[in-house]
Amino acid sequence: MRTTHEKQKILLVEDHFCFAVGLKTFLTNYAQDLEVIGIAENGQKGVEMAKELKPDIILMDVRMPVMDGISAVKIIKKDLPKIKIVMLSTYDEDEFVREAILSGASGYLLKDTSPTELIISIRALNTGITLISPDIAKDLVRQKYIEQKRPYDKRQTEWLSVLTRREREIFALLATGHDNEQIAETLHISLRTVRNQVSIIYAKLEVKDRFEIIQLANRLRPV
């Protein structure tokens, strides 16, 4: 059983070495509860290192030489189903997202996700929420309604477009059970600022409490 002080072990699977090193440096410096234990340069190496190192979380690129990320996800989830895998990609095509999630990935984030949002998203994995970049989620939900030949209700994903980047960061923390004090500490902002931002978020999303925030976040689960 993991203790509250034990770090989450992360494996990076990324063929762009500079990006991987930069990400490792940021996580090391700004997330004391996360530890990068290795970097693999392709999917095949990622599979090997996953079996050897048994990480808690893998941040996986999609397109890589030797073996692509989605193929690696399928193998890892079959042999090590408890490992949570989040795809980090520059590609937002629906087919990549759907195949990754269906293969067992716990999320699909774009590489231009802000570092703060990335850390929040990694921590949110323990809540069971599927992590999808806002722009991708909006397209997926819209496509779902088109396929089912149902009227698309923009209110289902309205927050994706009406919230600012900072508001999305606070939304993610609210959805994972953080109180105002924890949000202020995590984002290094004042408690008063958090309260003001939370009020703005409630108004924009037309919700009255945090339970409705969680319900709204759960609508982003791909089906």
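One can find the structure itself at the top, above this paragraph.
Anyway, here's the lowdown on the structure attached to this text. (Residues numbered from 1 in each chain as written. Predicted model: local features only at pLDDT ≥ 70, side-chain atom pairs only at ≥ 80, totals over all residues. Heavy atoms only, no water.)

### As for the overall build of the protein
To keep it simple, the criterion reads: We count a stretch as a helix when DSSP gives it H or I for four or more residues in a row; a strand needs E for two or more, and each element gets its number in order from the N terminus. For every residue, the accessible area obtained with a 1.4 Å probe (protein chains only) is divided by the maximum for its type, and the residue is called buried under 20%, exposed over 50%, and partly exposed between those limits. For this analysis, residues touch if any pair of their heavy atoms sits within 4.5 Å. Computed with a 1.4 Å probe, the accessible areas rest on the Shrake-Rupley method; for each residue, only the protein chains presented here act as cover.
When helices and strands are counted, the protein shows 11 helices and six strands. Taking all 223 residues of the protein together, the buried fraction comes to 47%. Once local pairs closer than 6 in sequence are excluded, the contacts in the protein between residues at least 24 apart make up 64%. Total accessible area computed for the protein in this model is approximately 11900 Å², and 51% of it derives from carbon and sulfur atoms.

### Observations regarding the layout of surface pockets
Defined as follows: Using protein atoms alone on a 1 Å grid, points that fit a 1.4 Å probe yet trap it form a cavity, whereas open point sets bounded by protein on both sides within 12 Å along at least five of seven lines form a pocket; residues with an atom within 4 Å of a point count as lining. Grid points are joined across faces, edges and corners, and a volume is the space filled by probe spheres set on the points. All residues other than Ala, Val, Leu, Ile, Met, Phe, Trp, Tyr, Cys, Pro, Asp, Glu, Lys and Arg, Gly among them, are scored as polar; the first ten of these are nonpolar and the last four charged.
Looking at the largest pocket, its volume works out to about 580 Å³. Put simply, the parts of the chain that give the lining of the largest pocket at least two residues each are helix 1 (17-30), helix 5 (115-124), helix 8 (165-175) and helix 9 (180-187). When residues in the lining of the largest pocket are grouped by element, the largest group, five residues, is from helix 5. Of the residues belonging to the lining of the largest pocket, the class tally is six nonpolar, eight polar and four charged.

### Details of the sheet that holds strand 5 (residues 107-110)
How we decide: When DSSP locates at least two bridges between a pair of strands, those strands are taken to pair. Only the stretch in contact is used when a helix axis is fitted, and all axes are lines through C-alpha atoms; the angle between N-to-C directions ranges over 0 to 180 degrees.
In spatial order, the strands read 2-1-3-4-5-6; together these six strands make up an open sheet with parallel pairing. A strand with exactly one partner marks an edge of an open sheet, and here the two such strands are strand 2 (34-40) and strand 6 (131-132). Each of strand 1 (8-13), strand 2, strand 3 (57-60) and strand 4 (84-89) is contacted by helix 1, which is oriented at about 165 degrees to strand 2, the strand it contacts most. Strands strand 3 and strand 4 of the sheet are contacted by helix 3 (residues 69-79), whose axis makes an angle of about 180 degrees with strand 4.

### Notes on the packing of helix 9 against helix 10 (residues 191-205)
Spelled out, the test is: Angle categories are assigned with fixed cut-offs, so that under 35 degrees is roughly parallel, over 145 is roughly antiparallel, 65 to 115 is roughly perpendicular, and the rest are oblique. Each crossing gets its handedness from the near helix: less than a right angle anticlockwise from the far helix is left-handed, clockwise is right-handed.
Interaxial distance between helix 9 and helix 10 falls to 9 Å at its minimum, and their mutual angle equals 110 degrees. Relative to helix 10, helix 9 is oriented roughly perpendicular. Our pair here, helix 9 against helix 10, has a crossing hand that is right-handed. From helix 9, N180, E181, I183 and A184 reach across to helix 10, where they touch L191, V194, R195 and V198. Here the residues of the contact of helix 9 with helix 10 sort into five nonpolar, one polar and two charged.

### Looking at helix 9
Where we set the bar: In this description, the arc belongs to the directions extending from the helix axis to the C-beta atoms. Under the rule applied, a polar contact is a pair of N or O atoms within 3.5 Å (in protein, one hydrogen donor and one hydrogen acceptor; residues adjacent in sequence only if both atoms are side-chain atoms).
If you check which residues of helix 9 are buried, you get N180, I183, A184 and L187. Buried residues in helix 9, looked at end-on, bunch into an arc of 100 degrees, giving them a common side. N-capping of helix 9 is provided by D179, with a side-chain oxygen placed 3.2 Å from the backbone N of E181. The first or second residue beyond helix 9 is H188, which carries a positive phi of 60 degrees.

### Regarding the packing of aromatic side chains
Where two aromatic rings form a pair, the distance of their centres and the angle of their planes describe that pair. For clarity, the threshold we go by: Here is the rule: rings of Phe, Tyr and Trp (six-membered ring for Trp) pair when centre to centre is within 6.5 Å. Planes less than 30 degrees apart are stacked, more than 60 are edge-to-face, and the remainder are tilted. Each ring is checked for a lysine NZ or an arginine CZ that lies within 6 Å of its centre and within 35 degrees of its normal; such an atom marks a charge sitting over the ring.
Under the defined criterion, the tally for this structure stands at one aromatic pair. The lysine or arginine in question, K111, covers the ring of F19, its NZ or CZ lying 4.8 Å from the ring centre.

### Remarks on helix 1
Quick reminder: α-helices carry 3.6 residues per turn. Residues three or four places apart thus point the same way. Condition: The length a helix should cover is 1.5 Å for every residue beyond the first.
Helix length check: helix 1 (14 residues) gives 20 Å between terminal C-alpha atoms against 20 Å at 1.5 Å per residue, within 8%. For helix 1, the elements touching its buried residues are strand 1, strand 2, strand 3, strand 4 and helix 5.

### What about the nonpolar core?
As a reminder of what qualifies: Working definition of a nonpolar core: buried Ala, Val, Leu, Ile, Met, Phe, Trp, Tyr and Cys residues. They are joined through side-chain atoms within 4.5 Å.
Of all hydrophobic cores here, the largest spans 27 residues; its most connected members are I58, M60, I76, I85, M87 and Y108. Contributions of two or more residues to this core are made by strand 1, helix 2 (43-53), strand 3, helix 3, strand 4, helix 4 (94-102) and strand 5. Apart from the residues within four sequence positions on either side, I85 is in contact with I58, M60, V73, I76, K77, A105, S106 and G107. Membership of the second largest hydrophobic core comes to 19 residues, among which are F171, A175, A184 and V194.

### Considering the packing of helix 2 against helix 3
Packing of helix 2 against helix 3 brings their axes to within 9 Å, and their N-to-C directions diverge by 15 degrees. It follows from the interaxial angle that helix 2 and helix 3 lie roughly parallel. As helix 2 runs across helix 3, the sense of the crossing is right-handed. Contacts from G43, G46, V47, A50 and K51 of helix 2 reach helix 3 at A72, I75, I76 and D79. Of the residues belonging to the contact of helix 2 with helix 3, the class tally is five nonpolar, two polar and two charged.

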